[in-house]
Amino acid sequence: MSGSLSVVELLERLARLEARIGELEREHAGLRQENAVLRAENADLRARLGQDSSNSSRPPSSDGLGKPAPKSLRQRSGRRPGGQPGHEGRTLRQVADPHERIMHEPAGCGRCGEDLNGAPLAATVVRQVFELPDIGVRVSEHRIVSRR
């Protein structure tokens, strides 16, 4: 029997393999237990990572610099800005003869600082501001006269 193993050698080999299988099964059980602990820890850390002042009891100052942009109540409700659908819009149109015209001239060239008096006009942008007049207090004095 040159190429074959004896029964004793096969039994010894079988015993070694069964011992190794036992070691691997114990190692595997330990790794499964460690994996379960790490999964639970990972889930806890992910939950903490997703918390900010809007979904936990943490103060807004704990949000840090990565704060989400504030959302208006209108955005939260899903409404779009503007009038109701079907309503014709109205806006203040510019008037031909405003009460006052105020000219805003540049003091000098923005690049070199040279005086621009007498320089040709490049463009004029017209904006009109509609303001309600100030409500003033009207004082009335009442005098009660008595005579004899």
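Note: the structure precedes this text.
Residues numbered from 1 in each chain as written. Predicted model: local features only at pLDDT ≥ 70, side-chain atom pairs only at ≥ 80, totals over all residues. Heavy atoms only, no water.

Q: Tell me what's going on with the overall build of the protein, and back it up with residues and numbers.
A: Helices and strands together make up the secondary structure of the protein, namely 2 helices and 0 strands. Relative to the compact-globule value of 15 Å for 148 residues, the protein shows a C-alpha radius of gyration of 43 Å, a clear excess of over 25%. Here the C-alpha coordinates of the protein stretch approximately 145 × 70 × 40 Å along the principal axes. In the protein, buried positions account for 2% of the 148 residues. Here the protein has roughly 15,700 Å² of accessible surface; of this, 53% comes from carbon and sulfur atoms. (Helix = DSSP H or I, 4+ residues; strand = E, 2+ residues; numbered from the N terminus. Rg over C-alpha atoms; globule rule 2.2 N^0.38 Å. Buried < 20%, exposed > 50% of the residue type's maximum accessible area, 1.4 Å probe, protein only. Areas by Shrake-Rupley, 256 points an atom, 1.4 Å probe, with all protein chains shown as cover.)

Q: Account for the pattern of salt bridges, with residues named and values stated.
A: In a structure, side chains of opposite charge can pair up when their charged atoms sit close to one another. All chains considered together, the criterion is met by 3 salt bridges. Of the charged contacts, one joins Glu141 and Arg143 as a salt bridge, the two residues approaching to 2.6 Å between their closest N and O atoms. Here Glu141 matches Arg143 in class, with each residue exposed. (Salt bridge = Lys/Arg side-chain N within 4 Å of Asp/Glu carboxyl O.)

Q: Quick rundown of a nonpolar patch on the surface? Include the residues and the values.
A: On the surface, a nonpolar cluster with roughly 300 Å² of combined accessible area is contributed by Val7, Leu11 and Leu14. Structurally, the position occupied by Leu14 is in helix H1 (residues 7-49). Among the residues examined, Leu14 registers a relative accessible area of 43% and is labelled partly exposed. (Patch = residues over 30% accessible without salt bridge, like charges linked within 9 Å, V, L, I, M, F, W, Y side chains within 5 Å.)

Q: Go over the state of the cysteines with me, naming the residues and quoting the values.
A: Tallied over the entire structure, the rule returns 0 disulfides. With no disulfide of its own, Cys109 lies 3.7 Å from the sulfur of Cys112, the closest cysteine sulfur. For Cys109, a relative accessible area of 26% corresponds to the partly exposed category. Given the relative accessible area of 54%, Cys112 is considered exposed. (Disulfide = S-S within 2.5 Å.)

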